[in-house]
Each structure stands twice: as structure tokens, then as C-alpha cells.
Amino acid sequence: GRRHGLEAIASSSGDGPAVTAVSPIVSVLPRCVVAAFMLEMGIFVLETGIRTFTVTTDPVDQVLIIVVPTVMLLGGFLPGIRIGLLVALANFVVKYSAAPPMVRFQRGVLRSSTVRPSEHQLVLDERASHSISIISLQGFLMFGSAPQLSDALDNCLARRARCPAQHVHTP
């Protein structure tokens, strides 16, 4: 039958142990019972694949849903897994290496949160807030995005080097 959500998860998580439990007694069962069991599992996997294909929006995932089982049928289980793994890995690297990691660069607006004498607080607010920079990151650091982070850090350090007198002060 049709399975959705938790029912599908519960059913598929029960299929593995069922196969393991049935394995010792398969030799004594009539072949038609074993065939019916395998046919039911095959239909379930096919239905799940078709349902997943119809709701998947990523074209690479759609191609994988078709290519992996086809390679498994024609070339074997391990070649199918290998092709799926390589294509999924390449897709991941391409997608996430293009995404820039830097979201926000903030400096010069920070204040000390410690209770200090007012003279010290004024000096810290005036001078020390400019010596702190915050670079907020989001996403993954990959081959394509790591140089962007390195450039942002270099720019931050270069700004500090241009005005060293501003950053060296004892209250």
C-alpha cells in the first residue's frame, strides 16, 4: 500500500530485520512465498523512488534517482553505489564551494562591557573598539570559498597595520 512519513520510515526500518530473520528459514519456505516477499519489497522501493523523484526539485538528485538503480541493474550493486557516491560528492563540492562564506564584516562599533572607571571607559570606547573586528561566517569553507575568507582576513590585518598608533594605547 501507500506509505507516507513515519509509516514509510517504520516500514523500511522493519524490512532489514525482517530479511535477516527470514534468511535462515528461506530454504524451507515454498519459493512462491519468498518470491512474494521479495516482490513486495521491490514494489515498495520502486514506489518510494517514484514518489521521491516527483517531489525532488534538484535536477542532479533526479538524475541520481534514475542512474543509480539503472547502473545497479545493469552493472551490479557496487558500481551503482560508486557512481551515486561520486556524483553526489561532486555535486556537493560544486554547490558549496561557490557559496561565499563571509556574511558580515563588523568593526569600530564595539564597546567594552566591563565596569570600569569612567575615564578608562571613555578611552576604551574611543580607541579599543576599533581594534576589534568580527567576521561572521555562514555555510561551508570549501576550495572555492576559503580564498574569500583569506582575503577578508588580509584586508582586516592591513587596515590595522596602516594605523598602529590607534591600536596601541594604555588607559
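The coordinates are above.
A short tour of the structure in this document, coming up. Computed from a predicted structure; not experimentally measured. Per chain, residue numbering runs from 1 following the sequence as it is written. Per-residue local features are limited, in this predicted model, to residues with pLDDT of at least 70; the limit for side-chain atom pairs, both in listing and counting, is 80 or more; totals at the level of whole chains, interfaces and linings are taken over all residues. Side-chain metrics rest on all non-hydrogen atoms present in the structure, leaving aside hydrogens and water.

1. A short note on the overall build of the chain
The helix and strand tally for the chain stands at seven helices and two strands. Helix and strand assignments come from DSSP, with helices taken as H or I runs of at least 4 residues and strands as E runs of at least 2, each series counted from the N terminus. Helices and strands in the chain line up, N terminus first, as α-α-α-α-β-α-β-α-α. Burial status across the chain gives 16% buried among its 171 residues. Here the contacts in the chain between residues at least 6 apart in sequence split such that 63% fall between residues at least 24 apart. Burial status follows relative accessibility: with a 1.4 Å probe on protein chains alone, a residue under 20% of its type maximum counts as buried, one over 50% as exposed, and anything between as partly exposed. Throughout, a contact is declared for two residues whenever any of their heavy atoms are within 4.5 Å.

2. Overview of the environment of alanine 146
Of note, alanine 146 is situated in helix α6 (residues 146–162). Alanine 146 sits 49 residues away from serine 97 along the chain, and the two C-alpha atoms are 8.4 Å apart.

3. Quick word on a nonpolar patch on the surface
Taken together, the side chains of Val63, Ile66, Val67, Ile83 and Val87 present a nonpolar region at the surface, about 360 Å² in accessible area. At the level of elements, α3 (59–75) and α4 (77–98) are the ones that each hand at least two residues to the nonpolar patch. Considering every element that reaches the nonpolar patch, the biggest residue donor is α3, with three residues. Looking at the element boundaries, valine 67 is found in helix α3. Put simply, a patch holds well-exposed residues, over 30% relative accessible area, that have no salt bridge, with like charges counted together within 9 Å and Val, Leu, Ile, Met, Phe, Trp or Tyr side chains within 5 Å. What sets the accessible areas is the Shrake-Rupley method with a 1.4 Å probe; for residues, cover comes only from the shown protein chains. Whenever a carboxyl oxygen of Asp or Glu lies within 4 Å of a side-chain nitrogen of Lys or Arg, that contact is scored as a salt bridge.

4. Digging into the side chain of aspartate 58
By the element assignment, aspartate 58 lies in the loop between α2 (31–55) and α3. Of the residues examined, aspartate 58 reaches a relative accessible area of 16% and is grouped as buried.

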